[in-house]
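Now for the letters of each chain:
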Amino acid sequence: MDAARQRWLTGVAAEKQKDLIPSGWFEAWWNANLETDPVGAGQNPPVVRAPNGVREDGQRYWGADTRYYDASKIRVPVLLVHAEWDADTPAYMAQALFARLTGAPAKRYVVIGEGTHMVIMERNRMHLFREVQLFLEEAR
């Protein structure tokens, strides 16, 4: 559990860590994961497991600068949201994808300040929700 918390907080300044995740939310996330994964929950100590396909894709495609899809063929509006402290998806990755969206009729790249890859469960989650809502409501 402590290792998972530290991984979540990777890249977050020590003085910002205490207020990033609302009180009780990390524990609720941890418990929800264990409740849905009896194998991880049954280990000693319990662990939150994640599929490794994402890591393999990152190495095989993003790390090698190859793609399994052509972003220029996307023909719908696109919103890319990145959190400032996201160590799992660095800004350069989102920016590279954004540049490849040449066929999208509209595209927007938004950075949410003081957030990690888990910003949806953090203090600044309402910034994320507002950006998504604005994008969805925007007249095209």
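What counts, and where the lines are drawn
- Residues numbered from 1 in each chain as written.
- Predicted model: local features only at pLDDT ≥ 70, side-chain atom pairs only at ≥ 80, totals over all residues.
- Heavy atoms only, no water.
- Pairing = 2+ DSSP bridges.
- Helix = DSSP H or I, 4+ residues; strand = E, 2+ residues; numbered from the N terminus.
- Right-handed = clockwise from strand over helix to strand, strands pointing away.
- Salt bridge = Lys/Arg side-chain N within 4 Å of Asp/Glu carboxyl O.
- Buried < 20%, exposed > 50% of the residue type's maximum accessible area, 1.4 Å probe, protein only.
- Phe/Tyr/Trp six-rings, centres within 6.5 Å; stacked < 30°, edge-to-face > 60°.
- Lys NZ or Arg CZ within 6 Å of the ring centre and 35° of its normal.
- Expected span 1.5 Å × (residues − 1).
- Arc of directions from axis to C-beta.
- Contact = heavy atoms within 4.5 Å.
- Polar contact = N/O pair within 3.5 Å; in protein donor to acceptor, adjacent residues only side chain to side chain.

Visitor: Sorry, what's going on with the pairing of strand β1 (residues 78-83) here?
Guide: Each regular strand displays side chains that alternate between the two surfaces of the sheet. Direction of pairing for β1 relative to strand β2 (residues 107-112): parallel, over a ladder of six bridges. Residue pairing for β2: L80 is matched across the bridge by Y109. Once you follow β1 into helix α6 (residues 91-100) and on to β2, the crossover reads as right-handed.

Visitor: When you look at the pattern of salt bridges in this model, what are you seeing that I'm missing?
Guide: Oppositely charged side chains are able to pair whenever their charged atoms sit close together. A complete count under the given rule lists seven salt bridges for this structure. The partner of D19 in a salt bridge is K18, with the nearest N and O atoms 3.8 Å apart. Taking relative accessible area as the criterion, D19 reaches 46% and is therefore assigned partly exposed. Judged by relative accessible area, K18 falls into the exposed class, the value being 68%. The network of salt bridges with shared partners includes K16, E114 and R123.

Visitor: Looking at this model, I keep getting lost on the packing of aromatic side chains. Mind explaining?
Guide: Each aromatic ring pair is specified by the distance between its two centres and by the angle formed by the two planes. Taken as a whole and judged by the stated rule, the model has six aromatic pairs. Each ring, one from W8 and one from F26, has its centre 5.6 Å from the other, and the planes form 55°; the classification is tilted. Placement of the pair is W8 in helix α1 (residues 2-8) and F26 in helix α3 (residues 25-36), with a sequence separation of 18 residues. On the basis of relative accessible area, W8 is assigned to the buried category, the value being 6%. Considering the side-chain rings of F26 and W29, the 5.5 Å spacing of their centres and the 40° angle between planes classify their relative orientation as tilted. Of the two residues, F26 and W29 both sit in helix α3, three residues apart, roughly one turn of that helix. The burial state of F26 is the same as that of W29; both residues are buried. For the cation-ring pair, K107 lies above F98, with the distance from its terminal atom to the ring centre recorded as 4.4 Å.

Visitor: Honestly, α3 in this entry has me stumped. Any pointers?
Guide: An α-helical segment advances 3.6 residues per turn. Residues three or four places apart therefore align on the same side. Counted at 1.5 Å a residue, the expected span for α3 with its 12 residues is 16 Å, and the 17 Å between its end C-alpha atoms agrees. Three or more residues of α3 are buried, namely F26, W29, W30 and L34. Axial view of α3: buried residues confined to an arc of 130°, hence all on one face. Opposite the packed face of α3, turned more than 90 degrees from it, sit the exposed residues E35 and T36. Here the buried face of α3 lies against α1 and α4 (38-41).

Visitor: Looking at this model, I keep getting lost on the environment of A94. Mind explaining?
Guide: Mapped onto the fold, A94 is located in helix α6. In this structure A94 comes out as buried when scored by relative accessible area, which is 12%. Taking the C-alpha atoms as reference points, A94 and K18, separated by 76 residues in sequence, lie 27 Å from one another. Residues in contact with A94, not counting those within four places in the same chain, are L80 and Y109.

Visitor: How should the environment of D70 be read in this particular structure?
Guide: On the secondary structure map, D70 appears in the loop between α5 (53-62) and β1. Distance in space between the C-alpha atoms of D70 and E84 is 26 Å, their sequence separation being 14 residues. Side chain to side chain, D70 and S72 meet in a polar contact 2.6 Å long.

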